[in-house]
Amino acid sequence: SAIEFLLERGFTADLGARPLKRAVERYLLAPLAVTIVNHQFPEGDQFLFVRAAPDGLSLDVRFVDPDAPEEEAGAAAPASAIEEDEGVAVSEGLRVETIALDPRGAAEEVQLLRERLDELAAKVGGEEWRRRKAEALEQTQAPGFWSSPGRFGVLGLAEYMDRIEAGLDTAGSLLARLRGDRKRLPPDLVGRLAEQLYLLDSALRGFAEGDARDAFLLVRALREPGSDPELCDRFARRLASMYRRWAERRRMRFEMLDESGGVDESDNGAAAAGEYRALMAVSGYAAFTILRPESGFHVFETPQDEKGFSRARVLVRVVGQPEEPAGHGEGALRRQAERALAEDDACAQQQQHAVVRRYREEPSPLVRDSARGWRTGKIERVLEGDFDLI
């Protein structure tokens, strides 16, 4: 967190990394000096532990004795302490997404997850939720319901609500396992709980906004004048792979419906007819809600000379899967996806596509996300499918 803090303070769009030296002096060296002076050089082997302060405005520096018990050394408190102390303080900047991305197994993480689980359970157990579900079940008793075109939406809604309720039960079981661990909080289990709550929270948000539940996703390389066709196709393939990994990490159902065109990397770079294109179907908690901000241009930048970069652009489109079943027969789901994209074409053409993310590997890794409002040097984490948590 300290490194991320310094990178944020030490880089600007107009000055580049020139402010970094001043940021190190101001935010790191000064607190280091004060901590050392105030501690008057402790005896024995000790470490200076540096991390971003909870307020996000400074760095926190303190001495840590490596021979002290884990609680004193700043490690995770045992789960039994969490169970007994409901007053564990939660850092202001801590988020469920942060825990899911890099869980530490700290007491404050589990406290935040418990609070978030209680909030989600209150929504699902609330009067509005029960009313919506009762109305959906009532409609199934109406005359002619089982032959009406609207039956798919009603049944899908009731089924989705059941799945969200079951997902909350799973989250509760994960939290109970953490409470039952008397030795240490396993970071991997904390991370699983955080991811489950993140998905459920997104699902409830999409439910409230009337979003589609599942998504069709199209990735298409844009071979524009002056661009390198091979670079464009290669970047588009990397994005398609990124979405597949994302679906696997979030335990989504993923199906590649069609993949065609582009440079065939297995055939010595021979270019196939047409640009690379991949059409995918993704189903799971909040699949459409989470993927919707991905719609737009994704731009890969490579250094061209001292003056600038060459760019490869890929268009990503996300549309909701219809409530109606795709039908039977080979290729039915692909045909449904193509129809959904065609029906969305008029709306998509009226709106100017915005740049979602810019990716750069050289001279130093950098990803800038305009849709979600972040930037990071961890391009590998982004392409591994963690773009929604950063």
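The rules behind the values
- Residues numbered from 1 in each chain as written.
- Predicted model: local features only at pLDDT ≥ 70, side-chain atom pairs only at ≥ 80, totals over all residues.
- Heavy atoms only, no water.
- Helix = DSSP H or I, 4+ residues; strand = E, 2+ residues; numbered from the N terminus.
- Buried < 20%, exposed > 50% of the residue type's maximum accessible area, 1.4 Å probe, protein only.
- Contact = heavy atoms within 4.5 Å.
- Areas by Shrake-Rupley, 256 points an atom, 1.4 Å probe, with all protein chains shown as cover.
- Pairing = 2+ DSSP bridges.
- Axes fitted to C-alpha atoms, helices over the stretch in contact; angles between N-to-C directions.
- Polar contact = N/O pair within 3.5 Å; in protein donor to acceptor, adjacent residues only side chain to side chain.
- Expected span 1.5 Å × (residues − 1).
- Core = buried A, V, L, I, M, F, W, Y, C linked by side-chain atoms within 4.5 Å.
- Phe/Tyr/Trp six-rings, centres within 6.5 Å; stacked < 30°, edge-to-face > 60°.
- Lys NZ or Arg CZ within 6 Å of the ring centre and 35° of its normal.
- pLDDT = per-residue confidence, 0-100.
- Parallel < 35°, antiparallel > 145°, perpendicular 65-115°, else oblique.
- Left-handed = near helix turned anticlockwise from the far one by under 90°.
- Nonpolar A, V, L, I, M, F, W, Y, C, P; charged D, E, K, R; others polar.

**Overview of the overall build of the protein**
Of regular secondary structure, the protein possesses 12 helices and 12 strands. Relative to its 390 residues, the protein shows a buried fraction of 41%. Here the analysis covers contacts within the protein between residues at least 6 apart in sequence; of these, 65% occur between residues at least 24 apart. A total accessible area of about 21,000 Å² is found for the protein, and carbon and sulfur atoms account for 50% of it.

**Topic: the sheet that holds strand β3 (residues 215–222)**
In spatial order, the strands read β4-β7-β3-β9-β8-β10-β11-β12; together these 8 strands make up an open sheet with mixed pairing. The open sheet terminates on both sides in strands that have one partner only, identified here as β4 (253–260) and β12 (374–376). Adjacent strand axes in the sheet meet at a mean angle of 15 degrees, parallel and antiparallel pairs treated alike. Where strand β8 (residues 296–305) lies against strand β10 (residues 355–360), 5 bridges are found, and the strand directions are parallel. Its bridge partner being in β10, His298 is matched across the sheet by Arg357. Relative to the sheet, helix α9 (residues 229–249) contacts β3, β4, β7 (277–283), β8, β9 (308–320) and β10, its axis offset from that of β9 by approximately 45 degrees. Each of β10, β11 (366–369) and β12 touches helix α12 (residues 379–386); the most contacted strand, β10, lies at about 130 degrees to it.

**Points about the side chain of Arg250**
Tracing the backbone through its elements, the reader meets Arg250 in the loop between α9 and β4. Under the relative-accessibility criterion, Arg250 is labelled buried at 2%. Within the local environment of Arg250, its side chain forms a polar contact with the side chain of Asp386, the two groups lying 3.0 Å apart. If sequence neighbours within four positions are ignored, Arg250 has contacts with Glu195, Tyr198, Leu199, Gly385, Asp386, Asp388 and Leu389.

**Things to note about helix α5 (residues 107–124)**
Between its first and last C-alpha atoms α5 spans 26 Å; for 18 residues at 1.5 Å apiece the expected length is 26 Å, and the two agree. Buried residues of α5: Ala107, Glu108, Glu109, Val110, Gln111, Leu112, Leu113, Arg114, Leu117, Leu120 and Val124, and no others.

**Some words on the nonpolar core**
Ranked by size, the top nonpolar core spans 75 residues in total, and within it Ile164, Val219, Leu239, Tyr243 and Tyr359 carry the most contacts. Ignoring anything within four residues of it in the chain, the contact list for Tyr243 reads Leu217, Val219, Phe254, Met280, Leu291, Glu294, His298, Val316, Arg357 and Phe387.

**What about the packing of aromatic side chains?**
The tally for this structure, following the rule as stated, stands at 7 aromatic pairs. Geometrically, the ring pair formed by Trp129 and Phe207 is tilted, given 5.1 Å between the ring centres and 45 degrees between the ring planes. Remark: Phe207 occurs in helix α8 (residues 187–209) and Trp129 occurs in helix α6 (residues 127–139); sequence separation between them is 78 residues. Ring geometry for Phe235 versus Tyr359: centroids 5.2 Å apart, planes at 70 degrees, classification edge-to-face. Residue Phe235 is found in helix α9, and its partner Tyr359 is found in strand β10; the two are separated by 124 residues along the sequence. Here Phe235 falls in the buried class, since its relative accessible area comes to 3%. Among the residues examined, Tyr359 registers a relative accessible area of 0% and is labelled buried. Taken together, the aromatic side chains of Phe235, Phe300 and Tyr359 make up a single cluster linked through ring pairs. Here the basic side chain of Arg9 rests over the ring of Tyr27, its NZ or CZ set 5.9 Å away from the ring centre. Sitting above the plane of the Tyr285 ring, Arg163 keeps its charged end 5.6 Å from the centroid.

**Considerations on unusual backbone geometry**
Each neighbour pair has its own omega, and for Glu362 with Pro363 the value is 0 degrees, a cis peptide bond. Position of Pro363 relative to the elements: it lies in the loop between β10 and β11. The residue Ala286 is not glycine, and still its phi comes out positive at about 55 degrees. Looking at the element boundaries, Ala286 is found in the loop between β7 and α10 (287–291).

**Here we look at the confidence of the model for the protein**
Mean pLDDT over the protein stands at 84; residues scoring 70 or higher make up 83%. Here residues 69–85 is a poorly scored stretch, pLDDT under 50, and it has 29 contacts once near neighbours within four places are set aside; other chains count.

**Concerning the packing of α5 against α8**
Two elements in contact, α5 and α8, have axes whose closest approach is 10 Å; the angle formed by their N-to-C orientations is 30 degrees. Comparing their axes, α8 and α5 come out roughly parallel. Where α5 crosses over α8, the two elements pack in a sense that is left-handed. Along the contact surface, α5 presents Glu109, Val110, Leu113, Arg116, Leu117, Leu120, Lys123 and Val124, while α8 presents Val190, Leu193, Ala194, Leu197, Leu200, Asp201 and Leu204. A per-class count over the contact of α5 with α8 returns 11 nonpolar, no polar and 4 charged.

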